[in-house]
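Results of the structural survey
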Amino acid sequence: MRRTGTPLEFVIFPMLHVASPTFYSQVRIRLRACDLIVVEGVRGKSVAASALTLAYRFAPRRRRNGLQEQRDELVLPEGVPVVNPDVTAAEAIADLKTLPRSTYLLLMVTAPVMGLVFALRGPRAFLSEDLVVEDLPSTLRAEMMADDPVGHALTDRRDERLLDALGEIHAERADEPIRVAIVYGAGHVPAIVSGLMNRYGYRPREAEWLTVLIPA
């Protein structure tokens, strides 16, 4: 994304917590050409946050899945400065607790179960239905997920924190010919794109496709 009259450009890398090793290596290669990396990553630890991440930490444990869990050492190249404006684990769980108690408890119970199903059945169990190349939702499930209260609880504060950080970078370094990489989950990308457009005048100028995974 670029803005008329300023040389700074933002390069968005939509990520998944689980993907093929090749995808992460391709992202790493492209990040070497960037001058600053703004990276996702909830800071700190909590029991509840660990329970949620079981949903994707199970999947890479079966070799036949051919998947890896996203980790900084797989993605971030040495020598490029990194900024992490994400929330703390305590803040993330506090946002989830604004949901109805029954919804919160159900989420805590189902996350590990979903991870186990993912690990046993492979990526087709969930990803094949959700990761489609469409501008608009094509299924009822996709439409429901697009305005899911759980999704808002998981992302709204984090999106706002990220956009504030990008605004600071724009204010301080817009006149520099640098590439700023935004390495965040794909679910955050709509907010990133609209925020950079509406707040700061950046527009999408070019794009490149990378293969995230090839389901077995």
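Quick summary incoming for the structure in this document. (Residues numbered from 1 in each chain as written. Predicted model: local features only at pLDDT ≥ 70, side-chain atom pairs only at ≥ 80, totals over all residues. Heavy atoms only, no water.)

1. Some words on the sheet that holds strand 4 (residues 36-39)
Rules: Should DSSP find at least two bridges between two strands, the strands are taken to pair. For helices the rule is a DSSP run of H or I covering at least 4 residues; for strands it is a run of E covering at least 2, with both sets numbered from the N terminus onward. Throughout, a residue-residue contact means that at least one pair of heavy atoms, one from each residue, lies within 4.5 Å. Each axis is a line fitted through C-alpha atoms, and for a helix only the stretch in contact is used; angles between axes span 0 to 180 degrees, taken between their N-to-C directions.
Ordered by their spatial adjacency, five strands build an open sheet running 1-2-7-4-6, and the pairing between neighbours is mixed. The open sheet terminates on both sides in strands that have one partner only, identified here as strand 1 (2-3) and strand 6 (82-83). As paired elements, strand 4 and strand 6 share two bridges and run parallel to each other. When the bridges of strand 6 are listed, Val38 appears paired with Val83. Against the sheet, helix 1 (residues 21-31) makes contact with strand 2 (6-15), strand 4 and strand 7 (179-185), and its axis sits at roughly 170 degrees relative to strand 2, the strand it touches most. Sheet strands touched by helix 8 (residues 149-173): strand 1, strand 2, strand 4 and strand 7. Its angle to strand 4, the strand with the most contacts, is close to 165 degrees.

2. A short note on the packing of helix 8 against helix 9 (residues 189-200)
Formally: To sort the angles, those under 35 degrees are grouped as roughly parallel, those over 145 as roughly antiparallel, those from 65 to 115 as roughly perpendicular, and the leftovers as oblique. Crossings are assigned a handedness: left-handed for a near helix turned anticlockwise from the far helix by less than a right angle, right-handed for a clockwise turn.
Relative to each other, helix 8 and helix 9 sit at 45 degrees, their axes nearing to 10 Å. On the basis of their axis angle, the class for helix 8 and helix 9 is oblique. Note that helix 8 runs across helix 9; the crossing there is right-handed. The segment helix 8 lies against helix 9, with Asp159, Glu160, Leu162, Leu163, Asp164, Leu166, Gly167 and His170 engaging Ala191, Ile192, Gly195, Leu196, Arg199 and Tyr200.

3. Section: the packing of aromatic side chains
This is how the line gets drawn: Aromatic rings from Phe, Tyr and Trp, taking only the six-membered ring of Trp, are treated as a pair when their centres fall within 6.5 Å; an angle between ring planes under 30 degrees marks them as stacked, one over 60 as edge-to-face, and anything in between as tilted. Relative accessibility thresholds used throughout: buried, under 20% of the residue-type maximum; exposed, over 50%; partly exposed, between the two (1.4 Å probe, protein chains only).
Evaluated as defined, the whole model comprises two aromatic pairs. Residues Phe10 and Tyr202 carry aromatic rings whose centres are separated by 4.9 Å and whose planes lie at 75 degrees to one another, so their mutual orientation is edge-to-face. With Phe10 in strand 2 and Tyr202 in the segment after helix 9, the pair connects residues that are 192 residues apart, well separated along the chain. By relative accessible area, Phe10 is classed as buried at 1%. The class of Tyr202 is buried, set by a relative accessible area of 0%. Taken together, a centroid distance of 5.5 Å and an interplanar angle of 55 degrees make the contact between Phe23 and Tyr24 tilted. The pair formed by Phe23 and Tyr24 is uniform in burial state, with each residue classed as buried.

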